[in-house]
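# Notes for the structure review
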Amino acid sequence: MRLLDGFRASQVLASAVRLELFDALAAHGPLSVSRCAELLGLRERPAGMLLAACASFGLVERSAAGYGNSPLAARYLVAGRPHYFGDFVRLVEQQQYRSWAELPDVLRADGTAGRVPQAERRFAADEADRDPLFWRGMSSGSAFTAEAVARSYDFSRFRRLLDLGGGQGDFSLELCRSNPGLSATVYDLPSVCGLARERIARDGYAGRIGTRDGDLLTASELPAGHDVMLVSNILHMWDEPGCRAVLGLCLRALEKGGALVVAEAFVDDDGTGPQTAALMSLNMLVHTAGGANRTRREYETWLAEAGFRSVERVGLVVEAPGANGLVVAHK
């Protein structure tokens, strides 16, 4: 029953975010059911049902004065706060939920028959500014993962980071904040780099973080002069030949003695989980042509065969939504 109720639980969260319940409670709470219904534009009966469901998940709390946000919701689900996660919730609900209803057909067709996967449509167009929700959602998840990576691996020994497929620069910003001697380059599609430059300038890091337009799948070389490279939540979008080609590009461009850091939600070597990685792998089946979340062992094999001299596994000190560990290869 817990498995079967999963879609109901996710829709409670997504609906509460879309209706801006947590924003209303932050601004006006604690609230009675009737006052909450008024602010959300609902009738009292469904408002009470929604509040009860949110309370059952620990998202809101009830006192004598009415309903208010729990500490969890106050930190992560109120728009404008530093750790706001609502954009990722909106992204999953609006761009992934309906596609997953087709999972049996996708499994039978190996994910490719008769359709162009969502990821290929989005990135082939290179129009990041036309899909702001996707990039806000990616940034919302990346910020947590970047913090976990920064706390789990020592980047202070490096001078220049190449952040491959770096999106709006969340990893570059976090790693430069944590390591004063580090500068960075965000490498991504032209329209994505435009978003990154705006974010980097807004955060005051234009002097330390630059951008470089490019496409990892068509590039013949990567920017040189970097002693550490990061590939986070990118390789799982592509098939094995695509991943191997990117790793080869990284080896050729990386400075001697440098490190390539792969951050992913890795599937266990024995193929039994963990749940987050297994579900993300199925999400790649639904939304990409050949992507999958792989095991650490697979990446270790590819990196060794590409020519990296040593490979190590690094765990994360805290759980992150976009990765459960690192595989670090040295040139």
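## Some thoughts on the pairing of strand 2 (residues 66-69)
As defined by bridge partners, strand 1 (residues 60-63) adjoins strand 2 across four bridges and the pair is classed as antiparallel. The residue of strand 2 that forms the bridge with Glu61 is Gly68. The turn joining strand 1 and strand 2, which pair antiparallel and follow one another in sequence, is formed by two residues.

## Some remarks on the packing of helix 2 (residues 21-28) against helix 3 (residues 33-40)
Direction vectors running N to C along helix 2 and helix 3 enclose 120°, while the axes themselves pass 10 Å from each other. Considering their axes alone, helix 2 and helix 3 lie oblique with respect to each other. In this structure, the crossing between helix 2 and helix 3 has a hand that is right-handed. Contacts between helix 2 and helix 3 involve Leu21, Ala24 and His28 from the former and Cys36, Leu39 and Leu40 from the latter. Here the residues of the contact of helix 2 with helix 3 sort into five nonpolar, one polar and no charged.

## Some details on the pattern of salt bridges
Taken as a whole and assessed by the stated rule, the structure comprises 16 salt bridges. When the shortest N-O distance is used, the salt bridge between Arg199 and Asp170 registers 2.9 Å. Within this pair, whereas Arg199 is found in helix 12 (residues 190-202), its partner Asp170 is found in helix 11 (residues 170-178), the two being separated by 29 residues in sequence. For the pair Arg199 and Asp170, one class covers both residues: buried. Residues Glu300 and Arg313 are paired through a salt bridge, measuring 2.5 Å at the closest nitrogen-oxygen approach. Of this pair, Glu300 sits in helix 15 (residues 296-306) while Arg313 sits in strand 8 (residues 310-315), placing them 13 residues apart in sequence.

## Focus: the nonpolar core
Core analysis: the largest hydrophobic core is formed by 30 residues, its most contacted members being Tyr153, Phe155, Ile209, Val261 and Leu326. Residue assignment for this core shows that the elements contributing at least two residues are helix 10 (132-152), helix 11, strand 4 (183-188), helix 12, strand 6 (226-232), strand 7 (254-264) and strand 9 (325-330). If we ignore the near neighbours within four places in the chain, the residues touching Tyr153 are Phe158, Ala259, Val261, Val314, Leu326, Val328 and His330. Counting residues in hydrophobic clusters, the runner-up holds 29 residues, among them Val262, Phe266, Tyr299 and Ala329.

## What to know about helix 15
Residue pairs spaced three or four apart in an α-helix point in one direction, given the helix's 3.6 residues per turn. Taken residue by residue, helix 15 has Arg296, Tyr299, Glu300, Trp302 and Leu303 as its buried positions. Along the long axis of helix 15, the arc covered by the buried residues comes to 165°, so they all point the same way. Turning to helix 15, the residues buried within the fold contact helix 13 (240-253), strand 7, strand 8 and strand 9. Among the residues trailing helix 15, Gly307 stands out with phi positive, at a value near 120°.

## Topic: helix 10
For helix 10, spanning 21 residues, the distance from its first C-alpha to its last is 30 Å, which sits close to the expected 30 Å at 1.5 Å a residue. Along its length, helix 10 reaches its greatest deviation from straightness, about 25°, at Ser142.

Conventions adopted
Residues numbered from 1 in each chain as written. Predicted model: local features only at pLDDT ≥ 70, side-chain atom pairs only at ≥ 80, totals over all residues. Heavy atoms only, no water. Pairing = 2+ DSSP bridges. Helix = DSSP H or I, 4+ residues; strand = E, 2+ residues; numbered from the N terminus. Axes fitted to C-alpha atoms, helices over the stretch in contact; angles between N-to-C directions. Parallel < 35°, antiparallel > 145°, perpendicular 65-115°, else oblique. Left-handed = near helix turned anticlockwise from the far one by under 90°. Contact = heavy atoms within 4.5 Å. Nonpolar A, V, L, I, M, F, W, Y, C, P; charged D, E, K, R; others polar. Salt bridge = Lys/Arg side-chain N within 4 Å of Asp/Glu carboxyl O. Buried < 20%, exposed > 50% of the residue type's maximum accessible area, 1.4 Å probe, protein only. Core = buried A, V, L, I, M, F, W, Y, C linked by side-chain atoms within 4.5 Å. Arc of directions from axis to C-beta. Expected span 1.5 Å × (residues − 1). Bend = angle between axes of the 7 residues up to and from the residue.

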